[in-house]
Amino acid sequence: MENIEADVCTDDITGILKNALTEDLGTAGDITSMAIFGESDTGAAQIRSKQAGVLSGATLIKPLFGLVDSLLSMQSQAGLIPAAGIEVCSRDGDRMEPGTVICKIKGPVRSILSGERTILNLLQRLSGIATTSSRMIEILKGTNTRLLDTRKTTPGLRALEKAAVRHGGGDNHRFGLYDMILIKDTHIKRAGGVEEALKKALAWRDGRNGDKPMIEVEVQSVKEFMKALPLGPDRIMLDNMGQNEIEACVKERNASGKNILLEASGGISLDTLSAIAATGVDFISSGALTHSARALDIHLVMV
């Protein structure tokens, strides 16, 4: 199987696709197609976009239909059946217009129809995320602020959804709880305050052998920010703050001379994105990139 993404494990992709196909095909397979078409019936189809947007998920098409071919061959009375021929016409990150051909498929009709809904679900979901990311990136053009996603992803699809953010021009925040220390309000409340939680995290990292993970702390007021700033975390998240509060924090960070990155987060919309970027924050993170992106309308047509 071809490499999907440099930082996405091929085995993980295979597992995701197998689970998705099992969800749709069960153990019996596509009984509608089996009832109407024989194993030797062939046809041709195209997957096309019905909307303008940014493509994501194109690298999944060949692997998915390869799995479909394998499943149908295992179920075949005649043994191995011909594999579907796939010509991918568009690449992840490409801008699409209505009618853009994403791929062309030729082969057994049963194969085409058995994989249709699963690949469309993935393409629609991922392209919706890429398109939403692209819209936000357009607003941020001309600023020094970078767009980040969050961990608010569909369970089991995080790697694909974070890849979709990149296809739209955005960047990824941490992938999970394992690759970065992010001190949230829940940690802070239980630890007894911003200073207490941050000091413990810094001490834990300093005493750690091997990799030293980045430390970010979330603050919800200028007062909390001023407690975190002198301790020198790598990044401070300004959560649900107003524009004036964010500007004040940026000013204090700049005056301190500390190389601490600032991230604005919480309730940021397309309407407020430009104003927040104008404050001078280094990052804006948005859970809406993944949890609220509207699926792009993509369909398969027999030709």
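Our subject is the structure that appears above.
None of these values were measured; they are calculated from a predicted model.

A. Layout of the packing of helix α3 (residues 61-75) against helix α4 (residues 109-140). Packing of α3 against α4 leaves a shortest axis separation of 9 Å and a crossing angle of 145°. As α3 packs across α4, the resulting crossing turns out to be right-handed. Seen from α3, the contacting residues are I61, L64, F65, V68, D69 and L72; seen from α4, they are R110, S111, I112, S114, G115, E116, T118, I119, L122 and L123.

B. Just the sheet that holds strand β10 (residues 261-265), in detail. Pairing is parallel across the open sheet formed by six strands, whose spatial order is β6-β11-β10-β9-β8-β7. Where the open sheet ends on each side, the last strands, each with one partner, are β6 (146-148) and β7 (181-183). On average, each strand axis in the sheet is tilted by 25° relative to the strand beside it, whichever way the strands run. Bridge analysis of β10 against strand β11 (residues 283-285) gives three bridges, and the strand direction is parallel. Looking at β11, one finds that S265 is bridged to S285. On the sheet, α4 packs against β6 and β11 and is oriented at approximately 155° with respect to β6. Across the face of the sheet, helix α9 (residues 243-256) comes into contact with β9 (235-239) and β10 while running at roughly 175° to β10.

C. Just the state of the cysteines, in detail. One pass over the full model with this rule turns up zero disulfides. C103 takes part in no disulfide bond, and the closest cysteine sulfur, belonging to C89, lies 6.8 Å away. Here C103 falls in the buried class, since its relative accessible area comes to 0%.

D. Looking closely at the sheet that holds strand β3 (residues 85-88). Read from one edge of the open sheet, four strands run β3-β5-β1-β12, paired in antiparallel fashion. A strand with exactly one partner marks an edge of an open sheet, and here the two such strands are β3 and β12 (298-302). For this sheet, the mean inter-axis angle between neighbouring strands, taken without regard to orientation, is 15°. Note: strand β1 (residues 42-49) against strand β5 (residues 101-108), seven bridges, orientation antiparallel. Across the sheet, the residue bridging to T42 is P108, located in β5. Strands in contact with α3 are β3 and β5; relative to β3, the strand with the most contacts, it is inclined by about 170°.

Reading the values: rules and limits
- Residues numbered from 1 in each chain as written.
- Predicted model: local features only at pLDDT ≥ 70, side-chain atom pairs only at ≥ 80, totals over all residues.
- Heavy atoms only, no water.
- Axes fitted to C-alpha atoms, helices over the stretch in contact; angles between N-to-C directions.
- Helix = DSSP H or I, 4+ residues; strand = E, 2+ residues; numbered from the N terminus.
- Left-handed = near helix turned anticlockwise from the far one by under 90°.
- Contact = heavy atoms within 4.5 Å.
- Pairing = 2+ DSSP bridges.
- Disulfide = S-S within 2.5 Å.
- Buried < 20%, exposed > 50% of the residue type's maximum accessible area, 1.4 Å probe, protein only.

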